[in-house]
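What follows is each chain in one-letter form.
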Amino acid sequence: MEAKERSCDKASQEMIELMAKAGRENAWDRLEAQSPQCGFGKQGICCRICSMGPCRITKKAPLGICGADADTIAARNLVRMIAGGAAAHSDHGRDVAHTLKMAAESDSCDYTIKDGLKLMEVAARYGIKIEGRETNEIAKDLAETMLSEFGKHEGTLISAAAYPPPARQKVWEEFGVTPRAIDREIVEIMHRTHMGVGSDYKNLMKQGIRACLADGWGGSLIATEVSDILFGSPWPIRFGTNLGVLDSEQVNIIVHGHEPTLSDIIVAVSQEPEMIKAAKDKGAKGINLSGICCTANEILMRHGIPVAGNFLQQELALMTGAVEVMLVDVQCIMPALGSLADCFHTKLITTSPKCKIAGAQHIEFHEDRAIETAREIVKMAIDNFGNRKGACHIPGVSERGIAGFNTENIFHHLGGRFRASYRPLNDNVINGRIRGAAGVVGCNNPKQVHDYGHLAMIKELIKNDVLVVSTGCSAIAAGKAGLMRPEAAAKYCGPGLAEVCEAVGIPPVLHVGSCVDNSRILTILSNVVAEGGLGEDISELPVAGAAPEWMSEKAVSIGMYFVASGVYTVIAEPLPVLGAPNLTRYLTDEMEKDVGGKWAFEADPVKAAHLMIEHIESKRDALGINKARERKLYDMEDRRALAVE
Ligand code: SF4
Ligand code: MSK
């Protein structure tokens, strides 16, 4: 398969070709080696929950040995995926809440509270007394309250009552899915899906819904808000992105994974004059820090650190031969990096006790000696500069853009300095300049042409005056394609959206952060409802969600919490349920009656965009805000014009 059939990103194509010439394999090669993939697994109808199995559902054998049918088996598998995704996000949230507690309890901690205002806002939502108290006292109470949200035995999640619109809370209450405690919902999935517990697929899904709500409005939201408090809330910031941000003349350190705790300190340490001097003493021009995946997004949003690439570029970045250290924490780190790093001088360093990788060196990170660990790692990178094997190969491809939007600063950008509110956004949706908004998020998946799904979908949406907010690897794809430049509005948007973007100086695709920051999209939606004029519930808003290249269990949890919050959500690779007809019908249709949102599966990103646009227009109709306007349906000519360069 040619490089351009694997990725539509020029830098990636160049590196894929280089890997092929060098006889080094990557994820695309391994996908080919894995093909054809197991049809039972794809359809969700293989069960290996007990040792009577594995059982596979066929026409000849429609029941597993215990009598479980396709719907039961697929529902159990799916909610276990949600448990995995919710656990990953929420454990991340727990870790940063612990760091907040440490920062609050000790004056000599390497972490301090960077955004006191956000601390006050969040503490107030959690019902913590603020008046007359020291910042650290409030922070300690907040951290402890948040930590107790993971395992409390009574009541419901504080945030599930403090953030969503009342009408949304009522939907959950009536359906019986209001999340109680974060860990509890995840554990209950594992219990309910144990052999011989529940077999009713709808009841299994109900627990999946409750757990994903505990993720989005609980664990992920904690991760986002505590990170803002500890590391500073994002503010619009310029950035560079793609493999071309690597620099052969500097010491290159790439951070990869998801958590900002160590990487935020690495940012500071790598700029210390002694470190820069040490790098220069080794013959380098300086220290060049960049990131991959969501650790990148975390330090991009707060410090403007360049992003070397998204998920499918992690191997390609090592292949440049220019990386002194790749530092990883948790999630989305390919085990393949260990053996690939061995081919170069690159040191792959794992830092979390939760993540050790064959071929990597482990330097365990503890928050109480964060700066010391960061210095040790940066020094290792500097010392490794002279060990490069042969010439580096860095593609000369990079882009620039603006990132750093969040729930709070969108107020300022849309409302202006003296009128900081969501009113102008709501008004522009009501008057039809902006038809609606879409969250385009999620991963890369080598089953789709790398980045193409994100870009084709986003371009189609903004062409049709739909404002896009983006996170994770999708946001990185958009940044690399120039869609986060303010000038992109004039080039790619329909006239209404272009006018709004140009008036306030924002790009048509707003980077709102990492995977846990999908929680920002939830709180943005809550703010839009609260501002008024667009209904009482998130399910009434002219909005839609998509993850055109999703691959991880976290994406399943994210998609499900959007659906369960009332958002129509389209993905390319179907959920692994197609072998279970009743469950598929439930997810893609009937579920809407229970929670106000539903799933759709559409492999073609342009068609998927149009499903979203149709949905947005139907919500506008229902709100009575649709003014007559020429509706443009896409045809082949439009499709060709859209071809991603
Ligand atoms: Fe088979 Fe039932 Fe055991 Fe699953 S739980 S492996 S369907 S016997
Ligand atoms: S990093 S979960 S590949 S978005 Fe958050 Fe990217 Fe998906 Fe990982």
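All of these numbers come straight from a predicted model, not from anything done at the bench.

Another aspect to go through is empty space enclosed by the protein. Scanning the model with the defined rule gives six cavities of 30 Å³ or more in all. When its volume is computed, the largest cavity comes out at roughly 420 Å³. Around the largest cavity sit 41 residues that line it, and Ala438, Gly439, Val469, Ile521 and Leu525 are the ones nearest its centre. For the lining of the largest cavity, the secondary-structure elements that each account for two or more residues are helix 18 (407-415), helix 19 (423-430), strand 11 (436-440), strand 12 (466-470), helix 24 (518-531), strand 14 (543-547), helix 25 (553-564) and strand 15 (568-571). Counting residues per element, the lining of the largest cavity draws most heavily on helix 25, at six residues. Of the residues in the lining of the largest cavity, the class split is 33 nonpolar, seven polar and one charged.

Turning to the site of ligand 2, a few remarks are in order. Neighbouring ligand 2 are 13 residues; His258, Cys332, Cys443, Cys473 and Cys515 lie closest to it. Of all the secondary-structure elements, those providing two or more residues to the shell around ligand 2 are helix 14 (293-303) and helix 21 (472-480). Looking at the shell around ligand 2 residue by residue, the classes come out as eight nonpolar, four polar and one charged. Two domains each put at least three residues into the shell around ligand 2: domain 3 (243-387) and domain 4 (410-626).

Further remarks concern the nonpolar core. Core analysis: the biggest nonpolar cluster contains 178 residues, and Leu461, Met560 and Leu587 have the highest contact counts within it. With 16 residues, the single largest contributor to this core is helix 11 (residues 201-231). Apart from residues no more than four positions distant in its own chain, Met560 is found in contact with Leu78, Ile82, Met205, Ile209, Cys212, Leu587, Met591 and Trp599. Membership of the second largest hydrophobic core comes to 36 residues, among which are Leu243, Ile333, Ala341 and Leu348.

Our next topic: the site of ligand 1. In the vicinity of ligand 1, the contacting residues are Cys47, Ile49, Cys50, Met52, Gly53, Cys55, Gly64, Ile65, Cys66, Ile73, Arg76 and Met195. Here the residues of the shell around ligand 1 are counted per class, giving nine nonpolar, two polar and one charged.

Another aspect to go through is the layout of surface pockets. Approximately 810 Å³ is the volume found for the largest pocket. Taken together, 28 residues form the lining of the largest pocket, with Gly41, Met81, Trp550, Glu553 and Pro576 sitting closest to its centre. In terms of residues, the lining of the largest pocket owes the most to one element, helix 5 (residues 70-105), which gives six residues. Considering only residue class, the lining of the largest pocket consists of twelve nonpolar, nine polar and seven charged.

Before going further, it helps to examine the packing of helix 20 (residues 452-463) against helix 21. Orientation of helix 20 relative to helix 21, taken along the N-to-C sense of each, is 70°, at an axis distance of 9 Å. By the angle class used here, helix 20 and helix 21 are roughly perpendicular. In contact with His454, Leu455 and Ile458 of helix 20, helix 21 contributes Ser474, Ala477 and Ala478. Its residues assigned to classes, the contact of helix 20 with helix 21 shows four nonpolar, two polar and no charged.

With that settled, consider a nonpolar patch on the surface. On the surface, a nonpolar cluster with roughly 270 Å² of combined accessible area is contributed by Met52, Ile65 and Met195. One can find Met195 in the loop between helix 10 (182-192) and helix 11.

This part takes up helix 6 (residues 116-125). Among the residues of helix 6, Lys118, Leu119, Val122 and Ala123 are the ones counted as buried. Down the axis of helix 6, the buried side of the element spans an arc of 130°, and every buried residue falls inside it. At the N-terminal boundary of helix 6, the capping side chain belongs to Asp115, with an oxygen 3.2 Å from the backbone nitrogen of Leu117. Following helix 6 by one or two positions, Gly127 has its phi on the positive side, about 75°.

A separate point is unusual backbone geometry. Cis geometry marks the peptide bond from Ser35 to Pro36; its omega dihedral reads -5°. In this structure, Pro36 sits in the loop between helix 3 (27-34) and helix 4 (39-43). A cis amide bond links Gly53 with the next residue in sequence, Pro54, at an omega value of 5°. Within the secondary structure, Pro54 is located in the loop between strand 1 (46-47) and strand 2 (55-56).

Sheet strands associate in pairs through backbone hydrogen bonding, adopting either a parallel or an antiparallel arrangement. Ordered by their spatial adjacency, six strands build an open sheet running 13-12-11-14-15-16, and the pairing between neighbours is parallel. Each edge of the sheet is formed by a strand with only one pairing partner; in this case those strands are strand 13 (509-511) and strand 16 (599-601). Ignoring which end each strand starts from, the neighbouring axes of this sheet average 25° apart. With three bridges connecting them, strand 12 and strand 13 associate as parallel partners.

Below, the discussion takes up the domain arrangement of the protein. As assigned here, the protein comprises domain 1 (3-43), domain 2 (70-231), domain 3 (243-387) and domain 4 (410-626). Each of domain 1 and domain 2 has a C-alpha centre, and the two are 37 Å apart.

Before going further, it helps to examine the packing of aromatic side chains. All told, the structure shown has three aromatic pairs when counted by the stated rule. Aromatic side chains Trp172 and Trp217 sit 5.8 Å apart centroid to centroid with 65° between the ring planes, which places their arrangement in the edge-to-face category. Highlighted residues: Trp172 in helix 9 (residues 166-175) and Trp217 in helix 11, separated in sequence by 45 residues. Pair check on accessibility: Trp172 and Trp217 agree, each one buried. Measuring from ring centre to ring centre gives 5.2 Å for Tyr561 and Phe562, while their planes differ by 35°; the resulting arrangement is tilted. With respect to burial, Tyr561 and Phe562 carry one shared label: buried. In this arrangement the basic side chain of Arg125 is found over the ring face of Tyr163, its NZ or CZ atom lying 4.3 Å from the centre.

Thresholds, definitions, all that
For every chain, the first residue of the written sequence is number 1, and numbering continues from 1 onward in sequence order. The lettering of chains begins at A and the numbering of ligands begins at 1, in the order of writing. Under the rules for a predicted model, residues below a pLDDT of 70 receive no local features and side-chain atom pairs below 80 are neither given nor counted, while totals for whole chains, interfaces and linings still include all residues. Water and hydrogen atoms were dropped before computing side-chain values, which therefore reflect all heavy atoms in the structure. Whether a set of points on the 1 Å grid over the protein atoms alone is a cavity depends on a 1.4 Å probe fitting there but being unable to get out, while an open set qualifies as a pocket with protein on both sides within 12 Å along at least five of seven lines; lining residues are those with an atom within 4 Å of a point. Grid points are joined across faces, edges and corners, and a volume is the space filled by probe spheres set on the points. Segments assigned H or I by DSSP are reported as helices when at least four residues long, segments assigned E as strands when at least two residues long, and all are numbered from the N terminus. In this count, Pro and Cys sit with the nonpolar residues alongside Ala, Val, Leu, Ile, Met, Phe, Trp and Tyr, while Asp, Glu, Lys and Arg are called charged and the others, Gly among them, polar. Nearness is defined per residue: one heavy atom within 4 Å of the molecule or strand is enough. Domain delimitation follows an automatic or database domain assignment. The nonpolar core is taken to be a set of buried Ala, Val, Leu, Ile, Met, Phe, Trp, Tyr and Cys residues, with the residues joined through side-chain atoms within 4.5 Å. Relative accessibility thresholds used throughout: buried, under 20% of the residue-type maximum; exposed, over 50%; partly exposed, between the two (1.4 Å probe, protein chains only). Here, residues are in contact when the closest pair of their heavy atoms is within 4.5 Å. Angles shown run from 0 to 180 degrees and are taken between the N-to-C directions of axes, each axis being a line fitted to C-alpha atoms and, for helices, limited to the stretch in contact. Roughly parallel means an angle under 35 degrees; roughly antiparallel, over 145; roughly perpendicular, 65 to 115; everything else is oblique. In this analysis, a patch consists of residues with relative accessible area above 30% that form no salt bridge, clustered at 9 Å for like charges and at 5 Å for the nonpolar side chains Val, Leu, Ile, Met, Phe, Trp and Tyr. Reported accessibility uses the Shrake-Rupley method at a 1.4 Å probe radius. Residues are deemed covered only where the shown protein chains occlude them. Salt bridge, as used here, is a side-chain nitrogen of Lys or Arg placed within 4 Å of a carboxyl oxygen of Asp or Glu. The arc in question is traced by the directions running from the helix axis to the C-beta atoms. The definition of a polar contact used here is a pair of N or O atoms within 3.5 Å, where within protein one atom must be able to donate a hydrogen and the other to accept one, and adjacent residues in sequence count solely through side-chain atom pairs. We call two strands paired when DSSP finds no fewer than two bridges between them. Ring geometry is summarised as follows: Phe, Tyr and Trp rings, the Trp one being its six-membered ring, pair when their centres sit within 6.5 Å, and such pairs are stacked at plane angles under 30 degrees, edge-to-face over 60 and tilted between the two. Criterion for a charge above a ring: Lys NZ or Arg CZ within 6 Å of the ring centre, and within 35 degrees of the ring normal.

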